[in-house]
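In case you want the letters, here they are:
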Amino acid sequence: MNWYTNSYRKLFFDFHNISSTIDLAKEFNAEKWAEKLENVQAQAVSSFAKCGAGWRYYQNGKIGWIHPKLPKNLDILGETITVCHKRGIKVIAYYHTFYSEPIAEKFPEWREKESDNKYKGISICMLSPLLEEHMIPQLEEIVKNYEIDGLFLDGTIAQNSCYCESCRKKFKNFSGLDIPIDTNSPDWKTYIKWKLDIFKEIRKKIIKTIYEKRKDVLIAFNYAYTIRQPEIPPANLGFITLDINPKNQVFTASYQTKYLSTLNTSFDIMNTAFLQWWGDYGMKPSTSLKQECATIIANGAKTFIGHQMYPQFKVEDAIMGEFKKTFDFVKKREDICKDTTPLSDVAVLSSTHSYFTHKPNFFIDETPLRGLHKILLESGISYNILNEKNLLENINNYKLIILPDQRYIDTDLIQKLKKFVEKGGSLIATYLTASQDKNYQFKNQLFLEDILGIKFKGFYPNSHAYIDIRDNQLKKNCLDMPILTWTEFTYVNPVTCRVLADLRDIYLRNDNKLQFQFAASSPHTLTGYPSITLNNIGKGKAVYISGDIFSAYIKKNQWNLKYIVKNLIDMLISEKLIELDAPDVIEVVAAKKNNNIIIHLINHNGERSIDDNYALTEHIIPIYNMKMKIRCKKYPKSIKLLPENIPLSGKFDNNTILIDIPKIEIHSSVIIEQ
């Protein structure tokens, strides 16, 4: 256990300042700043060691350049540590790794380059001498000279291609190849893998270097080990952190935590308090922050709210006031959320191989996962996202495994999946799941065909098609018509499976073109192939969906697809852990704590994103009179709604408890003491 495990109330303030900044830190007063933090009940705060313009904000050390406009002898980092530690507030030093005005000027050969040899602004390549000659020595100085509690490194993930001399030379030495310019190059995958592996080693080296100086400093790398770069985190990582996309932070926080909560590493989600994105000085209402923070802590994360300081080192009292309201809300719920483990019937695989299975890139394509998350979230289903290592180790904890177009699955996991289904588990696989070998080459078959009861025959040739549902149970809440689905499909022949839905072709003109070139074509004849099948194997069941319908759902908001998936889950899991009769704006998160079951209910209701503005919520519309059914072997000792501390009664029947929940505003938890 480290201090971070129980730090639910953290604040992060951006403080990037280019060399021409005026009045820099003019209003800095360490004691007054610490008083403000104490008043809002912050447990930890960021302090800039080195900003995104490459300037340092501390005095003790010889490496790097103090900001030229910083008042003489002012040591923001050092003074912040002193006053915060006096009040029990932890300090996380922020260090920007790759932008630097002074380095760009003094060491132009270290700068990142485009393929045409032009510089990428003041971006410095971490594969140049930057790492060994500047960055690691500077980090060593910081942890040696300052009693920081944590270190937040921004930019230590591979995220783009670079054509500087260092990169060209190192890649040539490794592969004998030139760095490819075109992403369609046959060498592109080799380059991506090489650079990802190098950045893994860079992070390991930074951790090792710092721990040799100070074992008590917790280290984090912004966005590393998250879904978009799903690597197995090293055991000695301090914590995982990421500043989430601003478009809808309630949704994105929920999505990210489904994966991070399974990694056995402390983690936070950095939601942001401004109205737009970094560089904006607006402020959300505390209602919106509470809704985001409720989603974060209910899903096992800690808060780390981000905002922007004025160059003078000032944060408005009104902003701190909204933080206080938010942290008051969080504090009431901390004990409920502490020391819990996720509890779910449903697991979703997000493989670490996903970098290479589609079009190789520095980040995976998250579209299928986000679409599936939206479906499960709006269906009231608590679930987890796991990498292949965690799925192998924990597969028997689940009733249903979903494989959203997971194109490479290794032999060990395939065998585990077969045994899982044969013993009574259920499986849903989509599109080209298990279609590639260990070199990520398509092998003209699906390696789960015997489980799915199908035989791969080829590809549907058009950009969209129609799902034509046969099965009456699958039609529930769907329109009784062919369902337009914008995605690619496979052709498969049923072997031992039952066809639940057919694949219907689109209407084409005599010239074999779409009915409308700017839109969809209407439905036409059946293709003779299924779109959804169900196979009974052993004691279990396996569903195959021949298209990537999760991506289709989120890209085009085809709401019928949500009900198709929900109906499939109802067919596959007869006795669910939780069933909720409530509007689809309520997120359900189940967890275990000692012998207790905790069901978090989070109200996602709020204003929507319109005209490219980001979603925020000023007013919560409460949800009343919900009914929840929970699987339970015997009637519990007590049932309560927290933090309101309202006793709830339940009707026990056939190993389930039916509970009436009177009202949910932003977040409440049903605690079942067994």
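Calculation notes
- Residues numbered from 1 in each chain as written.
- Predicted model: local features only at pLDDT ≥ 70, side-chain atom pairs only at ≥ 80, totals over all residues.
- Heavy atoms only, no water.
- Salt bridge = Lys/Arg side-chain N within 4 Å of Asp/Glu carboxyl O.
- Buried < 20%, exposed > 50% of the residue type's maximum accessible area, 1.4 Å probe, protein only.
- Helix = DSSP H or I, 4+ residues; strand = E, 2+ residues; numbered from the N terminus.
- Expected span 1.5 Å × (residues − 1).
- Contact = heavy atoms within 4.5 Å.
- Polar contact = N/O pair within 3.5 Å; in protein donor to acceptor, adjacent residues only side chain to side chain.
- Pairing = 2+ DSSP bridges.
- Phe/Tyr/Trp six-rings, centres within 6.5 Å; stacked < 30°, edge-to-face > 60°.
- Lys NZ or Arg CZ within 6 Å of the ring centre and 35° of its normal.
- Axes fitted to C-alpha atoms, helices over the stretch in contact; angles between N-to-C directions.
- Left-handed = near helix turned anticlockwise from the far one by under 90°.
- Nonpolar A, V, L, I, M, F, W, Y, C, P; charged D, E, K, R; others polar.

Undergrad: Can you help me understand the pattern of salt bridges in this one?
TA: Here the idea is simple: oppositely charged side chains can pair when their charged atoms come close. Applying the stated criterion across every chain yields a total of 39 salt bridges. Here Asp405 makes a salt bridge to Arg407, at a shortest N to O gap of 3.1 Å. Overall, the relative accessible area of 15% leaves Arg407 in the buried class. Residue Asp437 pairs with Lys443 through a salt bridge whose shortest N-O separation is 3.7 Å. Among the residues examined, Lys443 registers a relative accessible area of 39% and is labelled partly exposed.

Undergrad: What should I look at first to understand helix H7 (residues 249–260) in this one?
TA: Because an α-helix packs 3.6 residues into every turn, residues spaced three or four apart end up facing the same way. Over its twelve residues, H7 extends 16 Å from the first C-alpha to the last, a length consistent with the 16 Å expected when each residue adds 1.5 Å. In terms of residue burial, H7 counts as a mostly covered element, since twelve of its twelve residues are buried. Looking only at H7, the buried set comprises Gln249, Val250, Phe251, Thr252, Ala253, Ser254, Tyr255, Gln256, Thr257, Lys258, Tyr259 and Leu260. Packed against the buried residues of H7 are strand S10 (268–269), helix H8 (286–298), helix H12 (367–378), strand S15 (383–386), helix H16 (549–556) and strand S26 (586–593). Its side-chain oxygen at 3.4 Å from the backbone nitrogen of Val250, Asn248 defines the N-terminal cap of H7.

Undergrad: Please explain the pairing of strand S8 (residues 150–154) as it appears in this structure.
TA: Regular strands place side chains that alternate from one sheet face to the opposite one. Counting buried residues in S8 gives five out of five residues, a clear majority hidden from the surface. Side chains Gly150, Phe152 and Asp154 project from S8 onto one buried face, and the interleaved Leu151 and Leu153 project onto a second face that is buried too. Bridging between strand S5 (residues 90–96) and S8 involves five bridges; their strand directions are parallel. Each residue of the ladder has a partner; that of Ile92, found in S8, is Gly150. Sheet topology note: the S8/strand S9 (residues 218–221) ladder contains four bridges and is parallel. The partner of Leu153 across the bridge, within S9, is Phe221.

Undergrad: What is the right way to look at the packing of aromatic side chains in this model?
TA: The description of an aromatic ring pair uses the distance of the two centres, along with the angle that the planes make with each other. Counted by the stated rule, this structure contains 40 aromatic pairs. With centroids separated by 5.5 Å and ring planes inclined at 75°, the aromatic side chains of Phe15 and Phe313 adopt a geometry described as edge-to-face. With Phe15 in the loop between strand S1 (10–14) and helix H1 (30–39) and Phe313 in the loop between strand S12 (305–308) and helix H9 (317–331), the pair connects residues that are 298 residues apart, well separated along the chain. When sorted by exposure, Phe15 lands in the same class as Phe313, which is buried. Both rings, one in Tyr460 and one in Tyr491, keep their centres 6.2 Å apart while their planes meet at 80°; by these two values the pair is edge-to-face. Taken as a pair, Tyr460 in the loop between strand S18 (454–459) and strand S19 (465–469) and Tyr491 in strand S21 (residues 490–494) lie far apart in primary sequence, 31 residues in all. Its relative accessible area of 4% is what places Tyr460 among the buried residues. The class of Tyr491 is buried, set by a relative accessible area of 16%. In textbook terms, an aromatic cluster arises when at least three aromatic residues are bridged by ring pairs, as seen for Phe12, Phe48, Tyr94, Phe152, Phe274, Trp277, Trp278 and Phe304. Over the ring of Phe329 we find Arg333, and its NZ or CZ is 3.8 Å from the ring centre. The ring of Tyr255 is capped by Arg370, whose NZ or CZ atom sits 5.2 Å from the centre of that ring.

Undergrad: Where do I start with the packing of H8 against H9 in this structure?
TA: What describes two packed helices is the angle between their axes and the distance between those same axes. Where H8 meets H9, the axes come as close as 9 Å, and the angle between the chain directions of the two elements is 35°. Pair H8 / H9 crosses with right-handed handedness. Where H8 abuts H9, its residues Ser286, Leu289, Lys290, Cys293, Ala294 and Ile297 lie against Glu322, Phe323, Lys325, Thr326, Phe329 and Val330. Residues that form the contact of H8 with H9 fall into these classes: seven nonpolar, two polar and three charged.

Undergrad: How should the side chain of Glu378 be read in this particular structure?
TA: Position of Glu378 relative to the elements: it lies in helix H12. Looking at Glu378, its side chain comes within polar contact range of the side chain of Lys374, at 3.0 Å. Within polar-contact distance, the side chain of Glu378 engages the side chain of Tyr553 at 2.7 Å. Among all residues touching Glu378, those that are not within four sequence positions of it are Tyr553, Lys562 and Asp584.

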